[in-house]
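The lines below spell out each chain.
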Amino acid sequence: MEQTTNKEQVMSSFTKKIGQTTFKVNVFFAENTTSTFEDKLLHLMANDIANRKQGTPDAE
């Protein structure tokens, strides 16, 4: 994981290879947010569940 620093934020990134495609993902969080990491994670899980219910036949 690499980290770069600028005036306002620290950004982490990682790479993930799926098949023959390599993805570089940059991760950062706003320092002035009111939501916690747990809030963000629950939001992601709720969205994933909702998307699975809406139409992917092999989701179960």
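Residues numbered from 1 in each chain as written. Predicted model: local features only at pLDDT ≥ 70, side-chain atom pairs only at ≥ 80, totals over all residues. Heavy atoms only, no water.

Undergrad: Account for the overall build of the protein, naming residues and giving values.
TA: The helix and strand inventory of the protein stands at one helix and three strands. Relative to its full complement of 60 residues, the protein shows a buried share of 3%. Considering only residue pairs separated by 6 or more positions, the protein has 0% of its internal contacts joining residues 24 or more positions apart. Carbon together with sulfur atoms contributes 53% to the accessible area of the protein, which is approximately 5900 Å² in total. (Helix = DSSP H or I, 4+ residues; strand = E, 2+ residues; numbered from the N terminus. Buried < 20%, exposed > 50% of the residue type's maximum accessible area, 1.4 Å probe, protein only. Contact = heavy atoms within 4.5 Å. Areas by Shrake-Rupley, 256 points an atom, 1.4 Å probe, with all protein chains shown as cover.)

Undergrad: Could you give an account of a nonpolar patch on the surface, with specific residues and numbers?
TA: Taken together, the side chains of Phe29, Phe37, Leu41, Leu42, Leu44 and Met45 define a hydrophobic patch exposed on the protein surface, amounting to about 640 Å² of accessible area. The topology assignment puts Phe29 in the loop between strand E3 (21-27) and helix H1 (37-53). (Patch = residues over 30% accessible without salt bridge, like charges linked within 9 Å, V, L, I, M, F, W, Y side chains within 5 Å. Salt bridge = Lys/Arg side-chain N within 4 Å of Asp/Glu carboxyl O.)

Undergrad: Go over the environment of Val27 with me, naming the residues and quoting the values.
TA: Checked against the element boundaries, Val27 lands in strand E3. Note on Val27: relative accessible area 29%, which makes it partly exposed. Once the C-alpha coordinates of Val27 and Ser13 are considered, the two residues, 14 residues apart in sequence, prove to be 5.7 Å apart.

Undergrad: Tell me about the confidence of the model for the protein, residues and numbers included.
TA: Residues at a pLDDT of 70 or more form 72% of the protein, whose mean pLDDT is 78. For the protein, strand E1 (residues 2-5) is the element with the lowest average pLDDT, namely 50, and E3 is the one with the highest, namely 90. (pLDDT = per-residue confidence, 0-100.)

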